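Per-entry structural report
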Amino acid sequence: MKHVSLKSIENAISLVDNLDDQGLEKLSEKYALAQQVLLSYVMTAPDEYENENLEGLLIYYFCLLSECFEQEGIKVNPITEEQIDAFEDPYFEMLDNYFENDEQEILEDFCDQPELAQFMAMEISTEDEDGSMLDDETATQLFIVTIAMISLMNQSIVNN
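**Notes on the pattern of salt bridges**
Counting across every chain of the model gives 1 salt bridge. Of the charged contacts in the structure, one is a salt bridge between Glu70 and Lys30, with a shortest N-O distance of 3.5 Å. With a gap of 40 residues between them, Glu70 in helix 5 (residues 53–72) and Lys30 in helix 2 (residues 21–34) connect regions that are remote in the sequence. Owing to a relative accessible area of 37%, Glu70 belongs among the partly exposed residues under this scheme.

**Regarding the packing of aromatic side chains**
For the structure shown, the criterion picks out 7 aromatic pairs. For the ring pair Phe87 and Phe110, a centre distance of 5.9 Å and an interplane angle of 50° mean the geometry is tilted. With Phe87 in helix 6 (residues 81–101) and Phe110 in helix 7 (residues 104–111), the pair connects residues that are 23 residues apart, well separated along the chain. Aromatic ring contacts, followed pair by pair, group Phe87, Tyr91, Phe92 and Phe110 into a single cluster.

**What to know about helix 6**
Residue pairs three or four apart in sequence face the same way in an α-helix, which turns once every 3.6 residues. Helix length check: helix 6 (21 residues) gives 30 Å between terminal C-alpha atoms against 30 Å at 1.5 Å per residue, within 8%. At Glu88, helix 6 shows its maximal kink, close to 35°; a proline, Pro90, follows between one and four residues later. Looking at the buried residues of helix 6, the elements they touch are helix 3 (36–42), helix 7 and helix 9 (136–155).

**Points about helix 8 (residues 114–125)**
Relative to the 16 Å expected for 12 residues at 1.5 Å per residue, helix 8 spans 17 Å between its end C-alpha atoms, a close match to the ideal helical length. If you check which residues of helix 8 are buried, you get Leu116, Ala117, Phe119, Met120, Ala121 and Ile124. Contacts made by the buried residues of helix 8 are with helix 1 (6–17), helix 5, helix 7 and helix 9.

**Brief notes about unusual backbone geometry**
Of note, the phi angle at Glu50 is positive, near 50°, even though the residue is not glycine. Inspection of the secondary structure puts Glu50 in the loop between helix 4 (45–48) and helix 5. Located in the positive-phi region is Asp102, a residue other than glycine, with phi close to 50°. Structurally, Asp102 is set in the loop between helix 6 and helix 7.

**Things to note about the side chain of Asn51**
One can find Asn51 in the loop between helix 4 and helix 5. From its side chain, Asn51 meets the backbone nitrogen of Asn53 in a polar contact 3.0 Å long. Filtering out sequence-adjacent residues up to four positions away, Asn51 remains in contact with Pro46, Thr138 and Gln141.

**Comments concerning the nonpolar core**
Grouped together as the largest cluster of nonpolar side chains are 48 residues, with contacts concentrated most on Leu38, Leu58, Tyr91, Leu116, Met120, Phe143 and Ile147. Counting residues per element, this core draws most heavily on helix 9, which supplies 11 residues. Beyond its immediate stretch of four places on either side in the chain, Phe143 contacts Tyr91, Tyr98, Leu107, Ala117, Met120, Ala121 and Ile124.

**Points about the environment of Met43**
In this structure, Met43 sits in the loop between helix 3 and helix 4. Under the relative-accessibility criterion, Met43 is labelled partly exposed at 22%. A C-alpha to C-alpha distance of 7.2 Å links Met43 and Leu58, two positions 15 residues apart in sequence. The residues contacting Met43, other than those within four sequence positions of it, are Glu55, Leu58 and Ile59.

The rules behind these values
- Residues numbered from 1 in each chain as written.
- Predicted model: local features only at pLDDT ≥ 70, side-chain atom pairs only at ≥ 80, totals over all residues.
- Heavy atoms only, no water.
- Salt bridge = Lys/Arg side-chain N within 4 Å of Asp/Glu carboxyl O.
- Helix = DSSP H or I, 4+ residues; strand = E, 2+ residues; numbered from the N terminus.
- Buried < 20%, exposed > 50% of the residue type's maximum accessible area, 1.4 Å probe, protein only.
- Phe/Tyr/Trp six-rings, centres within 6.5 Å; stacked < 30°, edge-to-face > 60°.
- Expected span 1.5 Å × (residues − 1).
- Bend = angle between axes of the 7 residues up to and from the residue.
- Contact = heavy atoms within 4.5 Å.
- Polar contact = N/O pair within 3.5 Å; in protein donor to acceptor, adjacent residues only side chain to side chain.
- Core = buried A, V, L, I, M, F, W, Y, C linked by side-chain atoms within 4.5 Å.

The following block contains the structure:
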């Protein structure tokens, strides 16, 4: 399985963070069209968690993570409802195990994208450039949803 490298993550951040509103809209549209089911699934989280703060964050990370795969040259098949249904039980079991034992390896093994998992762990636990930080609840929710995104995308990699 091909892994997203730190260099691809850095390239994706540089690209996404330097887009103007129009560029960001085009990028969002590109990835939304490519992964409609995944985006719909991800965007249920703000309602499920009753946390409006997640909405913008999830759209940003949906685009950023999609761009990370793109930067690495990894093609991802469209994710299906059936994949998501089959994914949820093992995922929530892994999360229980991860939060119980606090072992990063459990997470990295499950999503099989160690650099992306480490990146998201850092993203939720460090201050932004402006000194702001996510509250614990939002950080945990964002982490859970983005790791699910990474895992589902990883499972859908096109094998050449």
